[in-house]
Amino acid sequence: MTSCPGRPKLGLMTLLLWGVPQLSLAAKMDMRPGVTEMSVRIQQIHQMGLWVCTVIGIIVFGAMFYTMFAHRRSRNQTPATFSESALVEFIWTLIPILILVGMAIPTTNALRDIEDNDNSDMTVLITASQWKWHYQYLDSGISYYSNIATPQEQINNTEPKGEHYLLEVDYPLVLPSNKKVRFLVTADDVIHSWWVPDFAVKQDAIPGFINEAWARIPVTGTFRGQCAELCGLDHAYMPIVVEVRPAEEFDAWIEDQRIAAELAGEAAVAARAKTWAMDELLPIGQEVFFKHCATCHERDGMGQGAKYPALAGSAIATGEIVDHLDRVMNGKADTEMQAWAPQLSDLEIAAIITFERNTWGNDTGDIIQPITVYEAR
Amino acid sequence: MVADAETVQKLRHPVLAFAARWLFTTNHKEIGSLYLWLSFTLFFIAGGMAMFMRLELFEPGIQFIDPLYYNQILTLHGLVMVFGVVMPAFVGLANWMIPLMIGAPDMALPRLNNFSFWILPFAFAMLLSTLFMEGGAPNFGWTFYAPLSTTYGPPSTDFFILGVHMMGISSIMGAINIIVTIVNLRAPGMKYMQMPLFVWTWFITAFLLIMVMPVLAGVVTMMLTDRHFGTSFFQAAGGGDPVLFQHIFWFFGHPEVYILILPGFGIASQIIPTFARKKLFGYHSMVYATIAIAALSFVVWGHHMFTTGMPLFAQMFIMYATMLIAVPTGVKVFNWVATMWGGSMTFETPMLFAIGFVMMFTIGGFSGVMLALVPADIQYHDTYFVVAHFHYVLYPGAIFGTMAAVYYWLPKWCGHMYDERLGKIHFWAATIAVNLTFFPMHFTGLAGMPRRIPDYSLQFTDFNMMSSIGSWLLGLTQIFFLYIVIKTIRGGAKATDQVWEGAEGLEWTIPSPAPLHTFETPPVITDGHK
Amino acid sequence: MSAQDKRKHIFMLSALAVGMFGFAFAMVPLYNVFCEITGLNGKTAAQAALIEEVNRSISPVDREVRIEFLASVARGMPWEFRPLQNELTVRPGEMNTTTFYVRNRANKTVTGQAVPSVSPGQAALYLKKIECFCFEQQELPAGGELEMGVSFFVDADLPANINELTLSYTMFLVGEIGAEKIASHHE
């Protein structure tokens, strides 16, 4: 390449500058640009940093390789004697400072825009807990929990893993496209972090405090993220899925949720009115138990040491129903045993408690009715 | 009673004599060796934990370690590597080399020195024993954020707190010892600006230790009182704040990572001039740059907290200060290259490790500058990109620096040359393995894989497999290193006093192996800095 | 140098170590003071605004600011807690009141403490509470319910770029009195 005329070199440079990022993204090596204007700007800042470092690296490592070749003992018997130069020190202090200032300018501008949470079109309150997300649409009052949907069998390698292994949930967050959405993020136990890489939104969920972030998503689609702060046992198992729909579809969806909530309310009334038999409650109880409780208390009810006590033969599961209800509904302060009353219906709670009291050798024979749960709320 | 090798030989029973010698020694060389062996032992334990973690991470799904146990291994790996491997290794090197380099007969406080060391085996035995306690070992990461560690931590957390206090006391006492030694025991005529760089970097590191280890002690004490004595430092319920924990922790934590690298800088500054047969370029610059790095390290702690909801102006200030640290660090790298430039270089194993240190630490430094850019950090924070960054500065950084020092000074310590061919094989194998392990982590992080998870989604599989294979190779290379070290101690070509043709410094004026007592009469310093 | 010098240095360095240990603890009040002065981290004052501030600021400014109210309970707290108004549009400088509803679902007396948090953090400085149930603990008997008010105003100096605020309360469990009291009623 030493004696080529300018154009091919320029062409090669352009090809590299264009091609390498494309190739590297294709090879899953680079940060994704994401789907929002902000996420694209963030990727550009990342690439700016990467290129600056790469060029400096090429220069410095190039100099090192050259000197290791040219100034090795076999090629250079007599070492030079210079050992200082104030001018050189000044130059290689000043140039990096100038480069850093150059990088800081676009970065500061982007940062200012990221922090501008004002003038939003809607707000979603995101509450993290071990190990799920709770979404509440403040403008319409719709709220629900979002749990991982990947079956335990896939995690335990007894079934092949699905395409969205560990990145799928039962009820995703649904958002309208082209609206500035403000996210209020908090937690109710330990610190978690809500992160959707395609939006470049990551905000820590801190118990007792509210953090803000925003995104305006100009496209529709499904986007996946994960919890980004170690939060205990199932930190790897609390994914985030966001479905972005056109604004009218979103409004229709909200309306559907309202109707569904009403229907669920009616179903709950019906459930309360009925007297349930043991063999009706046990299958429901097992299903809900396996979904929510088994991660800590294990499917065989044996728990995992003192931290996640065994339910088989436990004092609470074989003792007073009132205490069992209290523990399941309200959780236990300062532990990972959370309050299930807000998350599960009367029927589900009644079914779980009935299941726990009549399985693994706990033969209390107790049947708990949904009406009992309702009255304890 | 002076409990050194000669005196205790008088004790009849050989086992008792051996135990007494090593339990009660106040000799800086013997204590240095104790620290180095402790570090090496813990290196295999914590390294084994890493290899075990990488076994689970080889494929998606849970195969070997369930999440409950994984979080414990992850936590102990970090704690032992930071407090049990890197720090004791550097303290061991300091103990061996500082008195020799300044022409002192020993450290200023020899009995304190012994005590500083002997706290550590007990502290680590206790820490590792938490694996077998009810509720398991600490499982909240080496950074032990509240309230996961305070409210939700297992019972062994209190032993963790005690262990941290013990290690902290050891470090603080060691640091006081080093400063008092350097200030008071330099050979007459040796001015500060004539001290070898390794002494300078340790001098500065010791000040960092004294300033921040007590802050760590403070934060774990607050943890203890939050857990058991009704305080609410980190709980919103009582008017406290979990983010306060992060502020106090990282006020310690950021200077701590400079504590984990500055002596490595000093080692590179000793080795490169020797093998380039040329004086270190810009001695004064190097000293000032190190001081600048240490000073700046106190005002950048917030860069670990960019996603906690910091206000804009705080994020900007921390970002600029963090970017600024790249300047004195860059100056050091340029000075090393300028030292090599125009030299007459040979590439024995210490030089290979030193050059590998400079290059790969620089790669870690680059990812550090990228992490400083707050908008980009939103996508990097708590992903494998961060894991890649700090493993580059710690493994090819601190650990390779330590290995370079061992190869460089082992002939002086034990009187035998190591096998050069084996040393080179170790270097190349370790370099390949370390890059195979940690370079792909940049990509997994950029692709979106969070940290501290035992299981991951399918798109991260290929890079994780590479990292896992690399990590097992890396483990094997370090067993090879152990073999080389033991083989050298037991025998090998006799080392001369000078050992390395281009080496300068007081340590090369004494015999190899170094006698137990050296510089009992201070040497006379005539010419310029070494 | 002399043994005296050594001792002096040891003393100074040890004093530095002890001082830094104290500094760690000093960071706690320092952090709180810093947060209250700058409004960092959404910490809004846990006590009522001073009467001088009130008098100085009560003169409505022609600008609208939207405030959302949020309420949540912490782990293990058996209360229902919700705002009776989800949001309010106010003018800075104008006095406002809003109410929260709370009900103790447990079968024992429970004491709670509400902790406020304001978002965005910078706005915390400008949300001045005159009266708030968060200033003190609340005790509710089994099944008891209460409506609790907050009187506040948004300081007229609220920066122009903040037009939306969120005031969130988390109710924490402070203490419980056992169910024996209740059981005895039914004997």
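Model, not experiment: these values are computed from the prediction.

## A short note on the overall build of chain A
Tallying secondary structure elements over chain A gives ten helices and ten strands in all. Counting only residues that meet the buried cut, chain A has 49% of its 377 residues in that class. Taking the contacts inside chain A whose residues are at least 6 apart along the sequence as the reference set, 62% of them involve residues at least 24 apart. For chain A, the exposed surface amounts to about 16900 Å²; the carbon and sulfur share of it is 59%. Taken as two groups, the 28 positive and 46 negative side-chain charges of chain A have centres that lie 12 Å from each other.

## Some details on the pairing of strand β2 (residues 132-137) of chain A
All names here are of chain A. The element β2 is largely enclosed, with a buried count of five among its six residues. With six bridges joining them, strand β1 (residues 122-129) and β2 adopt antiparallel strand pairing. Residue pairing for β2: leucine 125 is matched across the bridge by glutamine 136. Counted along the chain from β1 to the antiparallel partner β2, the turn is two residues long.

## A word on the pattern of salt bridges
One side chain can pair with another of opposite charge once the charged atoms of both are near each other. By the definition in use, this model includes 25 salt bridges over all chains. With a closest N to O distance of 3.0 Å, glutamate 501 of chain B and arginine 73 of chain A form a salt bridge. With glutamate 501 of chain B in the segment after α16 (461-490) and arginine 73 of chain A in the loop between α2 (37-70) and α3 (86-114), the pair connects residues from two separate chains. Of the residues examined, glutamate 501 of chain B reaches a relative accessible area of 52% and is grouped as exposed. Ionic pairing is found between aspartate 346 of chain A and arginine 272 of chain A, a salt bridge with its closest N-O pair at 3.3 Å. Of this pair, aspartate 346 of chain A sits in helix α9 (residues 346-357) while arginine 272 of chain A sits in helix α5 (residues 247-273); the two residues are 74 residues apart in sequence, bridging distant segments of the chain. Both residues of the pair, aspartate 346 of chain A and arginine 272 of chain A, belong to the buried class. Because the salt bridges share partners, they merge into one network encompassing Arg182 and Glu212 of chain A together with Arg66, Glu68, Glu87 and Glu164 of chain C.

## Looking at the state of the cysteines
All names here are of chain C. Scanning all chains against the criterion turns up one disulfide over all chains. Each disulfide pairs two cysteine sulfurs, and for cysteine 132 the partner residue is cysteine 134, the sulfurs being separated by 2.3 Å. Because the torsion about its S-S bond is 130°, the bridge between cysteine 132 and cysteine 134 counts as right-handed. A residue is classified by how much of its surface remains accessible, and cysteine 132, at 7% relative accessible area, is buried.

## What about helix α4 (residues 67-102) of chain B?
All names here are of chain B. Between the first and last C-alpha of α4 there are 50 Å, a value that for 36 residues agrees with the 52 Å anticipated at 1.5 Å per step. The axis of α4 is deflected most strongly, by about 35°, at methionine 81. A large share of α4 lies buried, amounting to 35 of its 36 residues. Just past α4, the residue glycine 103 takes up positive phi, approximately 75°.

## Digging into the sheet that holds strand β10 (residues 239-245) of chain A
All names here are of chain A. As summarised here, the arrangement of the five strands in space is β4-β10-β9-β6-β7, forming an open sheet in which the pairing is mixed. Only two strands of the sheet have a single neighbouring strand rather than two, namely β4 (173-176) and β7 (201-205). Going across the sheet, the axis of each strand differs from the next one's by a mean of 25°, ignoring polarity. Bridge count for strand β6 (residues 192-196) against strand β9 (residues 221-227) is two bridges, and the pairing is antiparallel. In the sheet register, tryptophan 195 faces β9, and the bridge partner there is glutamine 226. Set on the sheet, α5 makes contact with β4 and β10; between it and β4 the angle comes to about 135°.

## Examining the interface of chain B and chain C
Taken together, the 33 residues of chain B in the interface contact 25 residues of chain C. Together chain B and chain C conceal approximately 2600 Å² of surface at their shared face, both sides included; 76% is due to carbon and sulfur atoms. Of all residues in chain B, the largest losses of buried area upon contact with chain C belong to Asn184, Ala237 and Leu244 of chain B, amounting jointly to 18% of the total for that side. Connecting chain B to chain C are zero salt bridges. Joining chain B to chain C, the criterion identifies three residue pairs in polar contact (both at pLDDT 80 or more). Those elements that provide at least two residues to the side of chain B that touches chain C are α6 (157-184), α7 (197-228) and α8 (242-259) of chain B. With nine residues, the single largest contributor to the side of chain B that touches chain C is α7 of chain B.

## Re the domain arrangement of chain A
Accessible area lost during the coming together of the parts is what is often quoted as the interface size. What the domain assignment lists for chain A is domain 1 (27-114), domain 2 (122-263) and domain 3 (274-376). On a C-alpha basis, the centroid separation for the pair domain 1 of chain A and domain 3 of chain A is 59 Å.

## Concerning the interface of chain A and chain B
Each partner contributes to the interface: chain A provides 93 residues, whereas chain B provides 96 residues. Taken over both partners, the interface formed by chain A and chain B buries close to 8100 Å², and the fraction arising from carbon and sulfur atoms is 68%. Among the residues of chain A in contact with chain B, Arg73, Trp92 and Leu230 of chain A are the three that bury the most area, contributing 8% of the side total. Between chain A and chain B we count one salt bridge in total. At the boundary of chain A and chain B, one finds 30 residue pairs in polar contact (both at pLDDT 80 or more).

Reading the values: rules and limits
Residues numbered from 1 in each chain as written. Chains lettered and ligands numbered in written order. Predicted model: local features only at pLDDT ≥ 70, side-chain atom pairs only at ≥ 80, totals over all residues. Heavy atoms only, no water. Helix = DSSP H or I, 4+ residues; strand = E, 2+ residues; numbered from the N terminus. Buried < 20%, exposed > 50% of the residue type's maximum accessible area, 1.4 Å probe, protein only. Contact = heavy atoms within 4.5 Å. Areas by Shrake-Rupley, 256 points an atom, 1.4 Å probe, with all protein chains shown as cover. Lys, Arg positive; Asp, Glu negative; His and termini not counted. Charge placed at Lys NZ, Arg CZ, Asp CG, Glu CD. Pairing = 2+ DSSP bridges. Salt bridge = Lys/Arg side-chain N within 4 Å of Asp/Glu carboxyl O. Disulfide = S-S within 2.5 Å. Expected span 1.5 Å × (residues − 1). Bend = angle between axes of the 7 residues up to and from the residue. Axes fitted to C-alpha atoms, helices over the stretch in contact; angles between N-to-C directions. Buried area = accessible area lost by both parts, 1.4 Å probe. Polar contact = N/O pair within 3.5 Å; in protein donor to acceptor, adjacent residues only side chain to side chain. Domains from an automatic or database assignment.

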